[in-house]
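Spelled out, the chains give:
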Amino acid sequence: MPLLKVENLVVNYGSINALKGISFEVNKGEIVTLIGSNGAGKSTTMNTIAGLKSPSGGKIYFEDNDITKLDSSKRVKAGIILSPEGRQVFPEFSVYDNLMMGGFIQKKKDNLVEIEKVFELFPVLKERKKQMAGTLSGGEQQMLAVARALMGKPKLLMLDEPSMGLAPLIVKEIFGLIQRIREIGTTVLLVEQNARVALKISDRAYVIETGKIVLSGKAQELLESEDVQKAYLGM
Ligand code: ATP
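Residues numbered from 1 in each chain as written. Predicted model: local features only at pLDDT ≥ 70, side-chain atom pairs only at ≥ 80, totals over all residues. Heavy atoms only, no water.

Draft legend 1. Up close: the pattern of salt bridges. For the structure shown, the criterion picks out nine salt bridges. Across the salt bridge formed by Asp66 and Lys59, the nearest N and O atoms sit 3.4 Å from each other. The exposure class assigned to Asp66 is partly exposed, which follows from its relative accessible area of 41%. A salt bridge links Glu116 to Lys126; its shortest N-O distance comes to 3.9 Å. With Glu116 in helix H4 (residues 108–121) and Lys126 in helix H5 (residues 123–127), this pair connects stretches of sequence that are 10 residues apart. (Salt bridge = Lys/Arg side-chain N within 4 Å of Asp/Glu carboxyl O. Buried < 20%, exposed > 50% of the residue type's maximum accessible area, 1.4 Å probe, protein only. Helix = DSSP H or I, 4+ residues; strand = E, 2+ residues; numbered from the N terminus.)

And the structure:
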């Protein structure tokens, strides 16, 4: 059984039909990427899985349970955690407090254990734990956004455009950390415009164009596909 199964999902914003019936799966232990250009419907897919947007049609199953109508807070408790596009850290709060907010569904005692694990993965956040989040560099803020999501102990970590606005070296570092997060047992669903770096660390991927999945397969196969190379890899 897949960890996440999305079946024929349809999402509208008023008269705009953003998702036109998309289906895909994420298995436990995988890194799966949704690639697609601006406005293809990637963020809408993530937000709908997180319960922030209601679909007009289709089903979402998590660990075989139908969660299509479940509140977003219950999805967090079930282990579905989104690190949103644009990071959205709380700029006026310290790194430490931002992290603690990521663990709001747990007891403080558990958060104190969890934060130490997070600091092992992200030593730079430990060094800067008292610093206001708004004064971190872009890359550090992205790390904080991912680390904050980890504080909720996700079974499925959803990352919306973690490479956005970051220099290539920093992107490489963040994608290295995403691989590490998977190695220590968290399944990852990634959304990226930066298809090349995303495909390099993924097991499988789906290509979304204007609200539809047009291609899917093993990440390595998509990296080698001429269509993908032309449309998404600038070759
Ligand atoms: P990007 O990388 O630019 O965020 P995306 O693939 O994530 O692109 P979405 O943000 O999911 O795409 O947008 C899909 C479609 O839905 C687009 O046509 C977009 O204009 C539309 N859309 C997204 N959010 C809203 C909204 N709040 N109100 C109206 N239309 C929206």
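Draft legend 2. Seen up close, the site of the ligand. The environment of the ligand is formed by 14 residues, the closest being Asn38, Gly39, Gly41, Ser43 and Thr44. One nitrogen or oxygen atom from the main chain of Ser43 is found 2.7 Å from an oxygen atom belonging to the ligand. Here an oxygen atom of the ligand sits 3.2 Å away from a polar atom, N or O, in the side chain of Glu161. Burial of the ligand by the protein amounts to 63% of the accessible area it has alone, namely 620 Å². When residues in the shell around the ligand are grouped by element, the largest group, three residues, is from helix H1 (residues 42–50). (Near = heavy atom within 4 Å. Polar contact = N/O pair within 3.5 Å; in protein donor to acceptor, adjacent residues only side chain to side chain. Areas by Shrake-Rupley, 256 points an atom, 1.4 Å probe, with all protein chains shown as cover.)

Draft legend 3. Highlighting the sheet that holds strand E7 (residues 156–160). One open sheet holds the six strands; their spatial order is E6-E7-E8-E3-E9-E10, and the pairing between them is mixed. Looking at strand neighbours, the two that pair on one side only are strand E6 (80–83) and strand E10 (212–218), the edges of this open sheet. Averaged over all pairs of adjacent strands, the angle between their axes in this sheet comes to 15°, without regard to strand direction. (Pairing = 2+ DSSP bridges. Axes fitted to C-alpha atoms, helices over the stretch in contact; angles between N-to-C directions.)

Draft legend 4. Representation of the environment of Gly57 in the model. Residue placement: Gly57 occurs in strand E4 (residues 57–62). Setting aside anything within four residues of it in sequence, one finds Gly57 in contact with Asn8, Leu9 and Val10. (Contact = heavy atoms within 4.5 Å.)

Draft legend 5. Representation of unusual backbone geometry within the structure. In the Ramachandran plot, Asn8 falls in the positive-phi region, its phi being about 50° despite a non-glycine side chain. When you line up the elements, Asn8 lands in strand E1 (residues 4–13). Among the residues examined, Asn8 registers a relative accessible area of 48% and is labelled partly exposed. For Thr210, which is not glycine, the phi dihedral falls at a positive 35°. Here Thr210 shows up in the loop between strand E9 (204–209) and E10.

Draft legend 6. Summary view of H4. End to end, H4 covers 20 Å across 14 residues, agreeing with the expected 20 Å (1.5 Å per residue, within 8%). Those residues of H4 not exposed but buried are Asn111, Glu114, Ile115, Val118, Phe119 and Leu121. Viewed end-on, H4 has its buried residues packed into an arc of 145°, placing them on one side of the element. The exposed set on the far side of H4, more than 90 degrees from its buried face, consists of Lys109 and Glu120. Residues of H4 that are buried make contact with helix H3 (95–102), H5, helix H6 (138–151) and helix H7 (168–183). (Expected span 1.5 Å × (residues − 1). Arc of directions from axis to C-beta.)

Draft legend 7. How the structure looks around the layout of surface pockets. Considered as a void within the structure, the largest pocket measures approximately 490 Å³ in volume. Lining the largest pocket are 18 residues, and of these Val76, Ile81, Leu82, Pro84 and Phe104 lie nearest its centre. Ranked by residues supplied to the lining of the largest pocket, first place goes to E6 with four residues. In terms of residue class, the lining of the largest pocket is made up of 12 nonpolar, five polar and one charged. Here the second largest pocket defines a volume of roughly 280 Å³. The leading source of residues in the lining of the second largest pocket is H4, at five residues. When the residues that make up the lining of the second largest pocket are grouped by side-chain class, the tally is six nonpolar, one polar and five charged. (1 Å grid on protein atoms, 1.4 Å probe; cavity = no way out; pocket = protein on both sides within 12 Å on 5 of 7 lines; lining within 4 Å. Points joined across faces, edges and corners; volume = space filled by probe spheres on them. Nonpolar A, V, L, I, M, F, W, Y, C, P; charged D, E, K, R; others polar.)

Draft legend 8. Molecular detail of the nonpolar core. Ranked by size, the top nonpolar core spans 36 residues in total, and within it Leu99, Phe122, Leu125, Leu144, Phe175 and Ile178 carry the most contacts. Elements with a contribution of two residues or more to this core: H3, H4, H5, H6, E7, H7, strand E8 (187–192) and helix H8 (195–201). In terms of residue count, the dominant contributor to this core is H6 (eight residues). Residues within four places of Phe175 in sequence aside, it is in contact with Pro162, Ser163, Leu190, Glu192, Val197, Ala198 and Ile201. (Core = buried A, V, L, I, M, F, W, Y, C linked by side-chain atoms within 4.5 Å.)

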